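# Breakdown of the fold
Here's the letter readout for the chains.
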Amino acid sequence: MDETVALLLETEENARQQYQTLIGRLPGGTGRQLLERILTQKRFEIETLRLLKNGKVPDRFVGFGTIADDEVNFRESPSPQAYVLSILQKGTPVILTEKRGNWIAVQLYDGKFGWVFRDYVRGTD
């Protein structure tokens, strides 16, 4: 499995570079927007493959998401009084692992786990 994951990771990274090159050649418009959407998906694919490669796959999976606001508190537990582990920036990709009331449990692609208030996370399709 390790060889397969490594091969897929290399393939996806190469594809991402090619998409970026193609985007650089487009003046804008719908074509560019579509390619940017593909690049966003590629980023999730690549980061997921890295999780598999590093053995940091979460125990649960609800979906993929991104942080939707600047300077979002990444907390130790689902409470506004909980310790802030770090601050996440808009666009940070996350793995959604659990929903509890107004809170979403997320895992970052480096394996860190924490909680974010639900209004600051957007699921991707």
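Residues numbered from 1 in each chain as written. Predicted model: local features only at pLDDT ≥ 70, side-chain atom pairs only at ≥ 80, totals over all residues. Heavy atoms only, no water.

## Here's the deal with the pairing of strand 4 (residues 93–100)
Buried residues dominate strand 4, accounting for six of its eight residues. In this sheet, strand 4 lies alongside strand 1 (residues 63–67) in antiparallel orientation, the contact comprising four bridges. If you follow Thr-66 over to strand 4, its bridge partner there is Pro-93. As consecutive antiparallel partners, strand 4 and strand 5 (residues 103–108) are separated by two residues, and within that stretch Gly-101 has a phi angle of approximately 60 degrees, a positive value. (Buried < 20%, exposed > 50% of the residue type's maximum accessible area, 1.4 Å probe, protein only. Helix = DSSP H or I, 4+ residues; strand = E, 2+ residues; numbered from the N terminus. Pairing = 2+ DSSP bridges.)

## With respect to unusual backbone geometry
The phi dihedral of Glu-71 falls on the positive side, at around 55 degrees, and the residue is not glycine. Relative to the elements of secondary structure, Glu-71 occurs in the loop between strand 1 and strand 2 (72–75).

## Topic: the pattern of salt bridges
A full pass over the atoms with the stated rule returns nine salt bridges. Residue Arg-60 pairs with Glu-98 through a salt bridge whose shortest N-O separation is 2.8 Å. Within this pair, whereas Arg-60 is found in the loop between helix 2 (30–54) and strand 1, its partner Glu-98 is found in strand 4, the two being separated by 38 residues in sequence. Ionic contacts of the salt-bridge type, sharing partners, join the residues Glu-12, Lys-42 and Glu-45 into one network. (Salt bridge = Lys/Arg side-chain N within 4 Å of Asp/Glu carboxyl O.)

## Considerations on the packing of helix 1 (residues 2–25) against helix 2
Packing of helix 1 against helix 2 brings their axes to within 9 Å, and their N-to-C directions diverge by 160 degrees. By the angle between their directions, the pair helix 1 and helix 2 is classed as roughly antiparallel. Helix-helix and strand crossings are classified by hand; for helix 1 and helix 2 the assignment is left-handed. Facing helix 1, whose interface residues are Val-5, Leu-8, Leu-9, Glu-12, Glu-13, Ala-15, Arg-16, Tyr-19, Gln-20, Leu-22 and Ile-23, helix 2 presents Arg-32, Leu-35, Glu-36, Ile-38, Leu-39, Lys-42, Glu-45, Ile-46, Leu-49, Arg-50, Leu-52 and Lys-53. Counted by class, the contact of helix 1 with helix 2 contains 13 nonpolar, one polar and nine charged residues. (Axes fitted to C-alpha atoms, helices over the stretch in contact; angles between N-to-C directions. Parallel < 35°, antiparallel > 145°, perpendicular 65-115°, else oblique. Left-handed = near helix turned anticlockwise from the far one by under 90°. Contact = heavy atoms within 4.5 Å. Nonpolar A, V, L, I, M, F, W, Y, C, P; charged D, E, K, R; others polar.)

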